[in-house]
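Inside the fold
Listed here are the chains, written in short residue letters.
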Amino acid sequence: MTPVLVFGIPLDFILFALTLLGVAIFHRHTLAIALAGLATITGYKLLFTGFKTGAGVLGLALHLQHEWVTLANLFLLLMGFALLSAHFEKSGIPDEMPALLPDDWKGPVVLLVLVFVLSSFLDNIAAALIGGMVARHVFRGRVHIGYLAAIVAASNAGGSGSVVGDTTTTMMWIAGVSPLSVVEAYVAAGVALLLFAVPASIQQQTFSPIVKDPPRGLKIEWGRVGIVAAILIAALAANIVANVKFPALLDTLPLLGLTVWAVLLITAPIRRPDWELMPSTLKGTIFLLALVTAASLMPVEDLPTASWQTALGLGFVSAGFDNIPLTALALKQGGYDWGFLAYAVGFGGSMMWFGSSAGVALTNMFPEGKSVYLWLRFGWHVGIAYFVGFFAMLALLGWMPDPIR
C-alpha cells in the first residue's frame, strides 16, 4: 500500500503530531485524546498503508505481538512503582530528609544529585518517583514545574551512562555494545546536571522553600523500608541475571515488571500496599501506553547516516517519540558512537513531560505538570543543558563511532 503524503510528509506523522498537540493544549483530557489519536492512526493504517509487519488485521496482530513485552513491562512497572512510592512515603524517610538536605537552594540541588545517582543502578522511573516523594515532603506539597522537569532530567541523565540504568542502554548491552562505550555518556550527563540543577533549584526555593525543621518524634518504619529495598534489589538482580545469562528471555516475558509485582504480592501480608492508588494510576498508565503504541506505529524504518548530527537530532526526536524503537533502529543501522546515542535518546526525552516513562510516572503524581506549555516555559533549562552537555562531550571526547558490524 502507498502511504498518503501531505507536503511530502507521511500522514502517520501528521496524525501523531496532532495527537501530541491535542495533549499539549487540552491537558485536562489527555487520556481521551491519546486514545482517540491511537484509534485514528490505527484505523488509517488498517485502511490505507498497512504496518511494518504486514497489511490489515494480521499486520496489526503481528505488530502487537512484537511490541507486547515492552508495553506489558511499562504497564507493570508504572502500576507497581506507584505502590512502591507509597511504601517509601509511609516509611518516614521522606519526613526525615529535611534534616539531611541543606536548608537553602543547595538542598534541591543535593536532592537532584541523589536522583541522578539512584538512577545509575535503578530503573529511572523508580528514581524519579522516589525524588518526587521526597520533594513533596520537603517542599510542603508545592513542587515547581521547573523542578519537576529537573527531577525527570536527573533520573534520565543518571541512567544514560549505565547499562542497567535505562531500557535503551540495556538494549545496547544486549546487542553487544561494551558497557565502557556507554559509560562515557556520563561526561555529557554530568555537565547537563550542573546546568539544569542550579536554575531549577532556585526556581523551587523561590516558589516553596525547603522545610528547615523536620517534625519531631518521627520514627522510621523499617518494614516498609525493607519492602522498598527488596523490590529494587530484586528488579536489579533480575535485570542483570537476565542480560548476562538469559538475554532471549527479555524478548519473551516482561521480566522486570513481573519481578516487581511478585515481591509486592509476597510482601503484602507484612505491609498492605495502597491498593486505592490503582484506579488513578491506571488512567495515567493507559495514557502512556496509548502514546507509546502510537509512536511504535510511525514509519521510522530509516534513519539518516550515522553521525554526531544525527545523534543530536535523535535526542530532540525522543522528546516526542518512544526512544526504544529509535534505539533499535540505530543498533540495526550501526556506525554510532554509542555513548553519544545513549545520552541523546536517554536524556532527550526529558524535554517533554511525556517524552520518557519517568516523566509520565512523575506527572501521574503531580498532574499540574501535564502541560507542554508550562513544561517548556519553566523547564527551559533542561533543553539548554541537553544541547550544552552534548557539545561538551563532543569537544572533550570527540566522535568515535564503532565500525558497522
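The structure we're discussing is the one just above.
Residues numbered from 1 in each chain as written. Predicted model: local features only at pLDDT ≥ 70, side-chain atom pairs only at ≥ 80, totals over all residues. Heavy atoms only, no water.

**Some points on the layout of surface pockets**
Where we set the bar: In this analysis a 1.4 Å probe is tested at points of a 1 Å grid over the protein atoms alone, and where it fits but cannot get out there is a cavity; an open set with protein on both sides within 12 Å along at least five of seven lines is a pocket; lining residues have an atom within 4 Å of a point. Grid points are joined across faces, edges and corners, and a volume is the space filled by probe spheres set on the points. Segments assigned H or I by DSSP are reported as helices when at least four residues long, segments assigned E as strands when at least two residues long, and all are numbered from the N terminus. Side-chain classes follow a simple rule in which Ala, Val, Leu, Ile, Met, Phe, Trp, Tyr, Cys and Pro form the nonpolar group, Asp, Glu, Lys and Arg form the charged group, and the remainder, Gly included, forms the polar group.
Computed from the structure, the second largest pocket encloses a volume of approximately 530 Å³. Lining the second largest pocket we find 24 residues, and of these Ser280, Thr281, Asn364, Met365 and Pro367 sit closest to its centre. At the level of elements, helix H2 (30-49), helix H3 (56-90), helix H6 (124-138), helix H13 (278-296) and helix H17 (357-365) are the ones that each hand at least two residues to the lining of the second largest pocket. By residue class, the composition of the lining of the second largest pocket is 12 nonpolar, seven polar and five charged.

**A few points about the packing of helix H10 (residues 185-207) against helix H16 (residues 338-347)**
Put simply, the test is: Axis definition: a line fitted to C-alpha atoms, over the contacting stretch in the case of helices. Angles run 0 to 180 degrees between N-to-C directions. By definition in these notes, contact holds between two residues if any of their heavy atoms fall within 4.5 Å.
Running from N to C, H10 and H16 cross one another at 40°; their axes reach a closest spacing of 8 Å. Side by side, H10 and H16 meet where Ala185, Ala188, Ala189, Ala192 and Phe196 of the first sit next to Gly339, Ala342, Tyr343 and Phe347 of the second. When the residues that make up the contact of H10 with H16 are grouped by side-chain class, the tally is eight nonpolar, one polar and no charged.

**Description of the nonpolar core**
Using the following cut-off: Buried Ala, Val, Leu, Ile, Met, Phe, Trp, Tyr and Cys residues form a nonpolar core when they are joined through side-chain atoms within 4.5 Å. A 1.4 Å probe rolled over the protein chains alone gives each residue an accessible area, and that area as a share of the maximum for its type sets the label: buried under 20%, exposed over 50%, partly exposed in between.
The biggest cluster of nonpolar side chains holds 124 residues, and the ones touching the most others in it are Phe81, Tyr147, Phe196, Tyr343 and Phe347. Top element by residues in this core is H3. It accounts for 12 residues. Here Phe347 is in contact with Ala153, Asn156, Ala157, Ala192, Phe196, Ala342, Val382, Ala385 and Tyr386, once residues within four sequence places are set aside.

**Considering the environment of Ser85**
Secondary-structure assignment places Ser85 in helix H3. Among the residues examined, Ser85 registers a relative accessible area of 3% and is labelled buried. Distance from Ser85 to Met365, taken between C-alpha atoms, is 9.8 Å for residues 280 residues apart in sequence. If we skip the residues at most four places from it in the chain, Ser85 touches Leu129 and Met133.

**Quick look at the side chain of Thr169**
If you trace the backbone, Thr169 turns up in helix H8 (residues 167-174). On the accessibility criterion, Thr169 (0% relative accessible area) is buried. Filtering out sequence-adjacent residues up to four positions away, Thr169 remains in contact with Gly159, Ser160, Ser162, Val163, Val182 and Ala342.

**A look at a nonpolar patch on the surface**
For clarity, the cut-off: Residues with no salt bridge and a relative accessible area higher than 30% make up the patches, which join like charges within 9 Å and nonpolar side chains (Val, Leu, Ile, Met, Phe, Trp, Tyr) within 5 Å. Residue-level accessible areas treat just the shown protein chains as cover; the underlying method is Shrake-Rupley with a 1.4 Å probe. One speaks of a salt bridge when a side-chain nitrogen belonging to Lys or Arg is within 4 Å of a carboxyl oxygen belonging to Asp or Glu.
Taken together, the side chains of Leu195, Phe316, Trp380, Ile384, Phe387 and Val388 define a hydrophobic patch exposed on the protein surface, amounting to about 550 Å² of accessible area. Mapped onto the elements of the fold, Trp380 is located in helix H19 (residues 380-397). Assessed through its relative accessible area of 44%, Trp380 is described here as partly exposed.

**Remarks on helix H11 (residues 222-245)**
Filter applied, for reference: The span one expects for a helix is its residue count, reduced by one, times 1.5 Å.
Along its 24 residues, H11 runs 33 Å from first to last C-alpha, staying within 8% of the 34 Å computed at 1.5 Å per residue. Taken as a whole, H11 has its buried residues at Arg224, Val225, Ile227, Val228, Ile231, Leu232, Ala235, Ala238, Asn239, Ala242 and Asn243.

**What about H2?**
In this model, H2 (20 residues) spans 27 Å end to end at C-alpha, consistent with the 28 Å of a helix rising 1.5 Å per residue. What H2 keeps buried is the set Thr30, Leu31, Ile33, Ala34, Gly37, Leu38, Ile41, Thr42, Tyr44, Lys45 and Thr49. Positive backbone phi, at 75°, marks Gly50, one or two positions downstream of H2.

**What about the packing of aromatic side chains?**
Formally: Planes of paired rings set the category: under 30 degrees apart is stacked, over 60 is edge-to-face and the rest tilted, where pairs are Phe, Tyr or Trp rings (Trp by its six-membered ring) whose centres lie within 6.5 Å. Distance and angle both matter: a charge sits over a ring if NZ of Lys or CZ of Arg is within 6 Å of the ring centre and within 35 degrees of the ring normal.
Evaluated as defined, the whole model comprises 19 aromatic pairs. The interplanar angle of 50° and the centroid separation of 5.8 Å between the aromatic rings of Phe116 and Tyr186 together place this pair among those described as tilted. Linking Phe116 in helix H5 (residues 106-119) with Tyr186 in helix H10, this pair joins segments that are 70 residues apart in sequence. The lysine or arginine in question, Arg136, covers the ring of Phe366, its NZ or CZ lying 5.8 Å from the ring centre. Residue placement shows Arg142 over the ring face of Phe207; its charged tip is 4.1 Å from the ring centre.

Shape descriptors only; they carry no functional weight alone.
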